[in-house]
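# Structural overview
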There are 2 protein chains.
Amino acid sequence: MKKSKISHNVITRLPRYLRYLDELLRGGQHRISSSELGRIMGITASQIRQDFSCFGEFGQQGYGYTIELLKQEIEGILGIHRGRTAFIIGAGNLGRALIGNFPFEKNGFKLTGVFDRAGDVVGTDIGGLKVRHIDELETAVRDAAPDIAILTMPGGAANAMAGRLIDAGLPGIWNFTNVDLKIAGTDVIVQNVHFSDSLQTLSYYLERAKAGPEDED
Amino acid sequence: MKKSKISHNVITRLPRYLRYLDELLRGGQHRISSSELGRIMGITASQIRQDFSCFGEFGQQGYGYTIELLKQEIEGILGIHRGRTAFIIGAGNLGRALIGNFPFEKNGFKLTGVFDRAGDVVGTDIGGLKVRHIDELETAVRDAAPDIAILTMPGGAANAMAGRLIDAGLPGIWNFTNVDLKIAGTDVIVQNVHFSDSLQTLSYYLERAKAGPEDED
DNA sequence: TAGATTGTTAATCGATTAACAATC
DNA sequence: TAGATTGTTAATCGATTAACAATC
């Protein structure tokens with residue numbers, strides 16, 4: 001039975017399920033039970049069944065789950081086949097790293113714009129996209145209507161940039177800067193990748209290596 | 001009163017507290033109450049006081065918290081002044097982005113080695129560090145005894161690399177590859193930065209923009 | 001002192017785990 | 001059919017919030 005309000009914890013486990021299902025498929029496996037998947041992933045079979053049951057009934061009693069079908073269902077829930085588009089704001093090292101190495105297509109996204117404010121990169125070609133000047137941003141957002149902007153510029157400019165993007169009607173932001181965007185009162189969706197937070201968390205567990213958990217996200 | 005077992009949720013909030021305290025200090029503020037901090041951060045004052053009370057008594061009744069002191073306490077808990085060292089494994093775009101832009105020092109880390117397997121980058125200088133060949137890794141880990149290795153190489157090689165590092169006695173791994181490292185049976189500490197998971201979570205909330213929460217990590 | 005705010009205990013809420021009838 | 005495994009309800013566990021005495 002589908003649930004109306006789905007917890008954030010459940011949502012963040014979905015991409016992880018997807019990774020494991022992918023790996024099983026690559027290993028030639030086509031069917032799995034919640035207990036086997038739980039054993040592999042280090043979580044309980046109960047949790048897996050509860051999680052899936054938020055969205056529908058994807059298994060078969062006495063059989064388990066067909067991996068291909070389950071994967072498709074989860075991809076559907078995450079909206080991976082929506083053909084979304086993204087702008088990258090900031091063509092520095094991090095922006096280039098994403099453009100060059102991140103599998104946007106596999107995640108249902110297509111890069112359709114790269115912007116920077118530095119005169120020397122504007123006009124150059126990175127990964128098949130011509131870098132445009134940041135002054136063209138608002139026009140471009142209104143014209144191309146990307147689903148998200150990826151903030152890979154210095155943190156100092158992040159909030160001003162977010163404001164411009166939101167004003168131009170952008171629905172989502174993938175934030176790689178080390179600041180929390182001030183978005184109260186807007187309905188933009190923000191997902192943060194805070195490197196510092198992650199490293200500091202690692203630092204904490206290093207300190208307490210004997211006592212704490214050994215693998216945390 | 002200090003608590004013996006501290007939940008992961010509490011730990012992951014500590015870096016976020018630190019960011020807000022920093023911002024307040026930069027704004028010239030020196031004192032704050034749990035209720036004011038809660039209002040700014042969008043959490044309850046109760047949660048803030050509960051979180052801090054896991055580690056000690058950092059405030060003063062009737063007054064609140066001295067921001068400088070509170071910040072120092074949290075930095076201490078996270079082990080930020082430990083003078084930790086790190087190797088980067090993979091001198092591609094992402095590795096260079098971290099070397100060039102990430103404030104390791106502010107997070108208590110110092111880069112002491114960069115490794116790659118590609119002949120053309122080995123021997124070159126990146127951010128003041130000479131890139132060494134991956135074959136020298138084990139020797140270097142034993143000699144320099146870094147606290148962590150930062151995996152910024154292709155995911156396909158991640159598990160083999162993690163195995164080598166663990167065998168050489170490395171305590172921690174900051175994993176930027178899109179795979180879950182198989183570390184069962186070891187006592188290495190792993191912290192993951194899974195870009196894909198983050199983007200897929202964003203994708204989910206874009207789909208359900210009207211109903212879901214608007215700012216999630 | 002009076003007002004404010006902490007640290008902590010108790011109450012509530014939500015998430016995870018266990019159990020089991022339904023059924024493939 | 002018998003065995004296996006789901007989806008779901010109930011029980012447990014843990015995390016968040018509320019309340020308040022202690023005290024600056």
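Residues numbered from 1 in each chain as written. Chains lettered and ligands numbered in written order. Predicted model: local features only at pLDDT ≥ 70, side-chain atom pairs only at ≥ 80, totals over all residues. Heavy atoms only, no water.

Taken residue by residue, the interface counts 69 residues in chain B and 69 residues in chain A. Buried surface at the junction of chain B and chain A, summed over both partners, amounts to about 6,300 Å²; 53% is from carbon and sulfur atoms. Counting the surface chain B buries against chain A, the share from its top three residues, Arg19(B), Ile189(B) and Leu199(B), is 11%. Inspection of the chain B/chain A interface yields 12 salt bridges. Taking the shortest distance from any N to any O, the salt bridge between Glu207(A) and Arg84(B) comes out at 2.6 Å. Remark: the boundary between chain B and chain A carries 28 residue pairs in polar contact (both at pLDDT 80 or more). A per-element tally of the side of chain B that touches chain A places helix H8 (residues 195-207) of chain B first, with 13 residues. Per-class residue counts for the side of chain B that touches chain A are 34 nonpolar, 17 polar and 18 charged. (Contact = heavy atoms within 4.5 Å. Buried area = accessible area lost by both parts, 1.4 Å probe. Salt bridge = Lys/Arg side-chain N within 4 Å of Asp/Glu carboxyl O. Polar contact = N/O pair within 3.5 Å; in protein donor to acceptor, adjacent residues only side chain to side chain. Helix = DSSP H or I, 4+ residues; strand = E, 2+ residues; numbered from the N terminus. Nonpolar A, V, L, I, M, F, W, Y, C, P; charged D, E, K, R; others polar.)

Here the focus is the environment of Gly169(A). Relative to the helices and strands, Gly169(A) resides in the loop between helix H7 (158-167) and strand E8 (172-175). Along the sequence, Gly169(A) and Val188(A) sit 19 residues apart, while their C-alpha atoms lie 8.7 Å from each other.

Residue and element names in this part refer to chain A. Along the chain, Asp 116 falls in strand E4 (residues 109-116). Although buried, Asp 116 forms no salt bridge, and the nearest oppositely charged side chain, Arg 117, lies 5.9 Å from it. For Asp 116, the side chain forms a polar contact with the main-chain nitrogen of Ala 91, separated by 2.7 Å. (Buried < 20%, exposed > 50% of the residue type's maximum accessible area, 1.4 Å probe, protein only. Lys, Arg positive; Asp, Glu negative; His and termini not counted.)

Put simply, chain A has an average pLDDT of 94, and 95% of its residues get 70 or more. Taken together, the stretch residues 210-217 of chain A has pLDDT below 50 and engages in 22 contacts with residues farther than four places along the chain or on a different chain. (pLDDT = per-residue confidence, 0-100.)

We now examine the pattern of salt bridges. Two side chains with opposite charge may pair up if their charged atoms get near one another. Here the structure, examined in full by the defined rule, presents 22 salt bridges over all chains. We note a salt bridge from Glu207(B) to Arg82(A), for which the minimum N-O separation is 2.8 Å. Linking Glu207(B) in helix H8 with Arg82(A) in the loop between helix H4 (67-78) and strand E3 (84-89), this pair reaches from one chain into another. Exposure remark for Glu207(B): the relative accessible area of 26% places this residue in the partly exposed category. Within the structure, one salt-bridge network assembled from shared partners comprises Arg16(A), Arg19(A), Asp180(B) and Asp197(B).

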